[in-house]
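Tertiary structure, described
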Amino acid sequence: MKISFLRRLTWAKHQTHRKAQRLPAAWQGMWWMALGGLMFSLLNTIARAIALEMDPFQTQFLRYLFGLLVMLPFVWRAGFKAYWPKDMKGQFWRGGVHTLGLMLWFIALPRIPLADMTAIGFTGPIFIMIGAGLFLGESMHRDRWVASLIGFAGVLVVVLPKLSGEGGWYHLVMLASAPVFAASFLITKALTRYENAGVIVLWQALTVTLLSFPLALPHWQDPSAWQWVGFFVAGILGTTGHYCLTRAFAMADISATQSLRFLDLVWASIMGWLVFADVPSQSTWLGALVILMATVWIARREGRRPVKQTNPKTPAT
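Residue positions are given per chain, counting from 1 as you read along its sequence in written order. Per-residue local features of the predicted model are confined to residues with pLDDT of at least 70, and side-chain atom pairs are confined, for both listing and counting, to 80 or more; whole-chain, interface and lining totals are unaffected and use all residues. Hydrogens and waters are ignored; side-chain quantities use all the structure's heavy atoms.

In terms of helices and strands, the chain carries 13 helices and 0 strands. A sequence separation of at least 24 residues applies to 92% of the contacts in the chain between residues at least 6 apart. To measure how exposed things are, a 1.4 Å probe is used in the Shrake-Rupley method; for residues, cover is taken only from the protein chains shown. For the chain, the computed accessible surface area is about 15,800 Å², with 70% contributed by carbon and sulfur atoms. Secondary structure follows DSSP: runs of H or I at least 4 residues long count as helices, runs of E at least 2 residues long count as strands, and numbering of each begins at the N terminus. Any two residues having at least one pair of non-hydrogen atoms within 4.5 Å are treated as being in contact.

See the structure below:
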């Protein structure tokens, strides 16, 4: 009975994978982006809870250390040679830029309201789209701008009534992290042209862990049992989320996937309702509807547009 069930499960997995491969590359990239957003919404909930009780730099270090530990069994299975990068300098550039963005983000994370953080974070896609056009040579199609601006308008519908104006200069610190993260994701997109997703995710975890370690030492405190569990779960979610984003960047133009970032607000509203019993307001539902309409519209447009795939494959895991 058990063997029969496993066979059916394996067959269903192969069928789903086969059907997914028939989808347009742009749709596949958008699917990976949406799934990555869900992973990061779960991760942010855990990270904020821990950052309220622990030094932000230690939180940053342990979150990426556990992300690295999650990757080690896959590296052991495939062999470290399969994860050796073609561009070591690019991996460390990406790790350094991402570490800087994380420093700013973790400093502000426990000190400003969640609604404010969400609003500021959604400025990232605008920086990414501008950078993709300037530095990656991507064609800035008008419909991509329209979808992102409509999605951003949906975010404003949700968050403007809730902005508290508290937090002082920490709002500026959080805002400063947005273009830094955008630069990190643009480097990731460039790396996907000759590196696979597994390599990029592993070396991001490794470089951020190394660069964050000295920052974590001055105010080190022993985590509690639940915090260790939280870091372990965060490591799984973060590694999975970055893998999904890297696959998305490999499947489609980075500018084509940015309207999907606004779905993160939908995930965050659902998590708030399920975990904290926060009932979404009318503005949340209205904004979510606007975001979903923009997402469906750009998905249909991108599905008709031919997209050159880069290197979406990853070593066997």
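Take helix α9 (residues 197-216) next. Quick reminder: α-helices carry 3.6 residues per turn. Residues three or four places apart thus point the same way. End to end, α9 covers 28 Å across 20 residues, agreeing with the expected 28 Å (1.5 Å per residue, within 8%). Where α9 bends most, at L210, the angle is about 25 degrees, and the proline P214 comes one to four residues later. Accessibility here uses a 1.4 Å probe with only protein chains present; expressed as a share of the type maximum, an area under 20% marks a residue as buried, one over 50% as exposed, and anything in between as partly exposed. Within α9, 14 of the 20 residues are buried, which leaves it mostly tucked inside the rest of the structure. For α9, the N-terminal cap is N196; the gap from its side-chain oxygen to the backbone nitrogen of G198 is 3.2 Å. Here the expected span of a helix is defined as 1.5 Å times the quantity of residues minus one. Bend, in this description, refers to the angle at a residue between axes fitted to the seven residues ending there and the seven starting there. Polar contact is defined as a pair of N or O atoms within 3.5 Å, subject to the rule that within protein one atom must be able to donate a hydrogen and the other to accept it, and that residues adjacent in sequence are counted only when both atoms are side-chain atoms.

A separate point is empty space enclosed by the protein. Method remark: on a 1 Å grid restricted to protein atoms, a set of points is classed as a cavity if a 1.4 Å probe fits but cannot get out and as a pocket if it is open with protein on both sides within 12 Å along at least five of seven lines; lining residues have an atom within 4 Å of a point. Grid points are joined across faces, edges and corners, and a volume is the space filled by probe spheres set on the points. For the structure shown, the criterion picks out 1 cavity of 30 Å³ or more. Of the pockets and cavities examined, the largest cavity occupies roughly 50 Å³. Lining the largest cavity are R63, Y64, G67, M71, V201, Q204, A205, G238, T239 and H242. The element that contributes the greatest number of residues to the lining of the largest cavity is helix α3 (residues 56-78), accounting for 4 residues. Only Asp, Glu, Lys and Arg are considered charged in this grouping, and only Ala, Val, Leu, Ile, Met, Phe, Trp, Tyr, Cys and Pro are considered nonpolar; every other residue, Gly among them, is considered polar. Class assignment of the residues belonging to the lining of the largest cavity gives a composition of 4 nonpolar, 5 polar and 1 charged.

Here α3 crosses helix α10 (residues 225-251) at 65 degrees, and the two axes come no closer than 7 Å. By the criterion of interaxial angle, the relationship of α3 to α10 is roughly perpendicular. Handedness of the crossing formed by α3 with α10: right-handed. The residues of α10 that touch α3, namely those facing T59, L62, R63, Y64, F66, G67, V70 and M71, are W228, F231, F232, A234, G235, I236, G238, T239 and H242. Grouping the amino acids of the contact of α3 with α10 by side-chain chemistry returns 10 nonpolar, 6 polar and 1 charged. Convention adopted: a line fitted to C-alpha atoms gives each axis, helices being fitted over their contacting stretch, and angles between N-to-C directions are expressed from 0 to 180 degrees. Angles below 35 degrees are treated as roughly parallel, those above 145 as roughly antiparallel, those between 65 and 115 as roughly perpendicular, and all remaining angles as oblique. Handedness of each helix crossing follows the sense of rotation of the near helix against the far helix: counterclockwise by less than a right angle gives left-handed, clockwise gives right-handed.

This part covers the environment of P161. Take P161: it is sitting in the loop between α7 (142-159) and α8 (170-191). Given a relative accessible area of 60%, P161 falls into the exposed group. For P161 and S283, which are 122 residues apart along the polypeptide, the C-alpha to C-alpha distance reads 8.0 Å. Excluding anything up to four places from it in sequence, P161 contacts L156 and S283.

Summarising the element assignment, T59 is placed in helix α3. Under the relative-accessibility criterion, T59 is labelled buried at 1%. In this view, T59 contacts A47, I50, A51, M54, F106 and F231; residues no more than four positions away in its chain are not counted.

Take the nonpolar core next. Residues belong to one nonpolar core when they are buried, are Ala, Val, Leu, Ile, Met, Phe, Trp, Tyr or Cys, and are joined through side-chain atoms within 4.5 Å. If you look at the biggest cluster of nonpolar residues, it comprises 47 residues, and the most contacted ones within it are W105, L109, V155 and M174. No other element matches helix α2 (residues 25-51), which puts 10 residues into this core. Sequence-distant contacts of L109, defined by excluding residues within four places in its chain, comprise A47, R48, A51, M117 and M174. Grouped together as the second largest cluster of nonpolar side chains are 9 residues, L68, V75, V201 and A205 included.

Take a nonpolar patch on the surface next. Patch criteria: residues need more than 30% relative accessible area and no salt bridge. Like-charged residues are merged within 9 Å; nonpolar side chains of Val, Leu, Ile, Met, Phe, Trp and Tyr are merged within 5 Å. By definition here, a salt bridge exists when the distance from a side-chain nitrogen of Lys or Arg to a carboxyl oxygen of Asp or Glu is within 4 Å. Together, V229, F232, V233 and I236 give the surface a local cluster of nonpolar side chains, amounting to about 320 Å² of exposed area. The residue F232 is located in helix α10 in this model.

Summary statistics for the chain give a mean pLDDT of 78 and a share of 78% for residues scoring 70 or more. pLDDT expresses how confident the predictor is about each individual residue, on a scale running from 0 to 100. Here residues 309-317 is a poorly scored stretch, pLDDT under 50, and it has 28 contacts once near neighbours within four places are set aside; other chains count.

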